[in-house]
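Summary of the model geometry
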Amino acid sequence: MLTNLWYVAEWSRAVKDKPVQARLLGQNFVLFRDKSGKVNCLSDICIHRGGSLAGGWTTKRDCVACPYHGWEFDAEGKVQFIPSRGEGAEVPERARIDAYPTQERYGMIWVFMGDLPESERYPIPPFPEFDDRDKWRPIETEFTWKASVDRVVENGIDIAHTSFVHPGFGYQEMAAKNRIAKMERSDIAGSSSCVLYPPPMQGNAGLMRFARKDKAETHVHPGFYLSGHCVRLHIQVNSWMEMIIFDANTPVDEFTTRSFVVQVRNFFKWGMFDKGSVKRTLKVFAEDAHIVEAIAPHHLPESLEHEVSVEQDKFMAAWRKVRKIHIEEKGWKIDTRAMEPYRGEKAFTIPSPARRLNPELRWALDTVPLVPPLRPPLQGVSRSDDKRA
Ligand code: FES
Ligand SMILES: [Fe+2]
C-alpha cells in the first residue's frame, strides 16, 4: 500500500450532517461536513484516550466531537474545546490530530493520504465525460474485494483474461486474436488500445443484441493512474455506442479493496436503463473477484522472477513499473510488517501535510513506518562495494 496519493474515501452523498468513518491503508479516518458544506478528513483516533470520532457528532463550533469525553476537533484537527476544562480554558498545543486535504469530484470524496505539499501532489485523474451530461449518462456502483489493491488494478487493465473470465466479453477460441495495439506509460499513469472480438452484448430488453455483430472487431482502451489507483476502461461498442468504466480502487487494508465505480454511456440515456447497467457492471466485477480473490500470493510479486510472462502481459508490466518507481525510488510503501509486533498495543496514523510544517510539535501518535527507498548505485562504484549488497 502506497502513501502520498489521493484515494477515494467515500461517496459524496454518503456524508451528510453526521461524521462517517472511512478506512484506508489499514487506518481509520473520520469524514465530516462543516457549515460551509466542505468535507473534512481527520485521523479517527482521539489523542485524549483514543476514542473514535466517527461515533461522535458535529458541533456549533463547526467541529467534530469525540463521543468519549466530548473534546471538539476542528477541520485542521486542532482541539477547540475540552468540556471538562470549561469554556475559554486553554487547550494544550499537542491536542491535535492529523487532518488531510480533501476534494469532491465525480460524486466521490477524495482524500490525500500523505504529507506532501500541494505543489508535489499528483493530480486526481481526469474524467471529463462525468460532467458532460449532454453526451453521457452516468451510473454509480461499488464493489468490495477480498484482494489486494495491486492485484485488482492489474486485473482491471488485463485484456487477455476477458476471453476466459467474462463470457459476455470474449470467446476462448479467439484468445490469440485479441491484441494490444498501442500502449504508453509515464511515471504515474498508462494508457493502451486493444482489439477484441466479443460476442453480441446482452441486456436492455434484447436491444443490445443489435448493437454489434458477433465477433466484430471492437476497440477497448484500458488505462490506469497511480493517483486513486484508478482504472479507466473505454469501450467502443460500435461506431456510435461507447461506454467508459472509471473505477477508483481504494486500499481499505492489505487484504481488502473497495472499488468506487462510475460508468458513463452515450446511448440509451434514459433512467429506465440504469438498473440493467449496474447489474451488468456488478456481474463483471463478481466474475473477476472469483479469480482474483483466489490468486497466490495475495500481493503482487515485487519482481517477475517467480512468474512467466508473455507479450500480452506488457501493459500489466507497465502498472508494475509505475508501482516499483514509487516503492524503490520514492519510498512510499507502508511497511505493514514493521507494525505487526505492535498489533493492539500502539496506534499509527498516516502523516499529514501539517506534520511536515510543524515538526517541532510532539505529535501524540506515531506515523506508519515506510519501506526505505533503494539508493541508486554510486557512480563508478559496483554493487558489490555498496554496503547494502
Ligand atoms: S477519548 Fe476523546 S475526548 Fe476523551
Ligand atoms: Fe475482468
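Please read all numbers here as calculations on a predicted model, not as lab measurements. (Residues numbered from 1 in each chain as written. Chains lettered and ligands numbered in written order. Predicted model: local features only at pLDDT ≥ 70, side-chain atom pairs only at ≥ 80, totals over all residues. Heavy atoms only, no water.)

Looking only at helices and strands, one finds six helices and 20 strands in the protein chain. By the compact-globule yardstick of 21 Å for 389 residues, the protein chain fits well, its C-alpha radius of gyration being 23 Å. Projected onto its principal axes, the C-alpha coordinates of the protein chain cover approximately 75 × 65 × 35 Å. Counting across all 389 residues of the protein chain, residues that qualify as buried make up 51%. For the protein chain, contacts bridging at least 24 residues in sequence account for 61% of all contacts bridging at least 6. Carbon and sulfur atoms provide 54% of the accessible area of the protein chain, an area that totals close to 19300 Å². The average position of the 54 basic charges and that of the 52 acidic charges among the side chains of the protein chain differ by 3 Å. (Helix = DSSP H or I, 4+ residues; strand = E, 2+ residues; numbered from the N terminus. Rg over C-alpha atoms; globule rule 2.2 N^0.38 Å. Buried < 20%, exposed > 50% of the residue type's maximum accessible area, 1.4 Å probe, protein only. Contact = heavy atoms within 4.5 Å. Areas by Shrake-Rupley, 256 points an atom, 1.4 Å probe, with all protein chains shown as cover. Lys, Arg positive; Asp, Glu negative; His and termini not counted. Charge placed at Lys NZ, Arg CZ, Asp CG, Glu CD.)

Before going further, it helps to examine the pairing of strand β11 (residues 108-112). Taking burial as the measure, the five residues of β11 include five buried ones, the bulk of the element. Neither face of β11 is exposed, since M108, W110 and F112 on one face and I109 and V111 on the opposite face are all buried. Both strand β1 (residues 6-11) and β11 contribute to a ladder of five bridges, which runs antiparallel. The residue bridging E10 from the neighbouring strand is I109, located in β11. Note that strand β10 (residues 102-105) and β11 share four bridges and pair antiparallel. Within β11, the position partnered with E104 by the bridge is I109. Once β10 ends, the chain turns through two residues before running back antiparallel as β11, passing Y106 with a positive phi of about 55°. (Pairing = 2+ DSSP bridges.)

For the protein chain, the assigned domains read domain 1 (1-123 + 334-389) and domain 2 (128-300). A straight line from the C-alpha centre of domain 1 to that of domain 2 covers 32 Å. Contacts between domain 1 and domain 2 engage 21 residues on the former and 22 residues on the latter. Interface of domain 1 and domain 2: buried area, both sides summed, is about 1900 Å²; carbon and sulfur atoms make up 66% of it. On the domain 1 side of the contact with domain 2, M1, W11 and Y106 bury the most area, a combined 30% of that side's loss. (Domains from an automatic or database assignment. Buried area = accessible area lost by both parts, 1.4 Å probe.)

Time to look at the sheet that holds strand β15 (residues 218-225). Strand order in the open sheet formed by seven strands is β12-β18-β17-β16-β15-β14-β13, with antiparallel pairing between adjacent strands. With partners counted over all chains shown, the strands left at the sheet margins are β12 (137-145) and β13 (179-185), one partner each. If you compare each strand with its neighbour and ignore which way they point, the axes differ by 15° on average. In the packing of helix α3 (residues 274-292) onto the sheet, the strands contacted are β12, β17 (242-253) and β18 (256-265), and the crossing angle to β12 comes to about 25°. Its contacts with the sheet place helix α4 (residues 314-329) against β13, β14 (189-196) and β15, and it is angled at close to 20° to β13. (Axes fitted to C-alpha atoms, helices over the stretch in contact; angles between N-to-C directions.)

A separate point is the environment of H326. With respect to the helices and strands, the residue H326 is situated in helix α4. It is 8.5 Å that separates the C-alpha atoms of H326 and P373, two residues lying 47 residues apart in sequence. Those residues in contact with H326 that lie beyond four places of it in its chain are L2, Y122, D187, I188, L226, G331, W332 and K333. A polar contact of 2.7 Å, which involves the side chain of H326, links it to the side chain of Y122. (Polar contact = N/O pair within 3.5 Å; in protein donor to acceptor, adjacent residues only side chain to side chain.)

Turning next to the sheet that holds strand β6 (residues 64-65). In space, the four strands of this open sheet follow the order β5-β6-β7-β8, with antiparallel pairing throughout. Each edge of the open sheet carries a strand with a single partner, namely β5 (57-58) and β8 (79-81). Bridge count between β6 and strand β7 (residues 72-73): two bridges; the pairing is antiparallel. Pairing of V64 across the sheet is with F73, part of β7.

Rolled over the atoms, a probe as big as a water molecule pinpoints where empty space is left. For the largest pocket, the calculated volume is near 780 Å³. Forming the boundary of the largest pocket are 39 residues, of which F169, I245, R280, T281 and V284 lie nearest the centre. Contributing elements (two or more residues each) for the lining of the largest pocket: α1 (149-156), β16 (230-236), β17, β18 and α3. Ranked by the residues each element gives to the lining of the largest pocket, the list is headed by α3, at eight residues. For the lining of the largest pocket, the class distribution of residues is 19 nonpolar, 12 polar and eight charged. (1 Å grid on protein atoms, 1.4 Å probe; cavity = no way out; pocket = protein on both sides within 12 Å on 5 of 7 lines; lining within 4 Å. Points joined across faces, edges and corners; volume = space filled by probe spheres on them. Nonpolar A, V, L, I, M, F, W, Y, C, P; charged D, E, K, R; others polar.)

Bound to the iron ion (ligand 2) are the protein donor atoms H161 (NE2), H166 (NE2), D288 (OD) and D288 (OD), situated 2.0 to 2.4 Å from the metal. With four donor atoms in place around the iron ion (ligand 2) and angles of 58 to 145° between them, the coordination shape is irregular. Written as a sequence motif, the donor arrangement for the iron ion (ligand 2) is H-x4-H-x121-D. Separated by 127 residues along the polypeptide, H161 in the loop between α1 and α2 (162-165) and D288 in helix α3 bring together distant segments of the chain. Accessibility expressed as a relative area gives 7% for D288, which makes it buried. (Donors = N, O, S within 2.8 Å, 3.2 Å for Na, K, Ca; no water. Tetrahedral: all angles 85-135°; square planar, octahedral: opposite > 155°, others 65-115°.)

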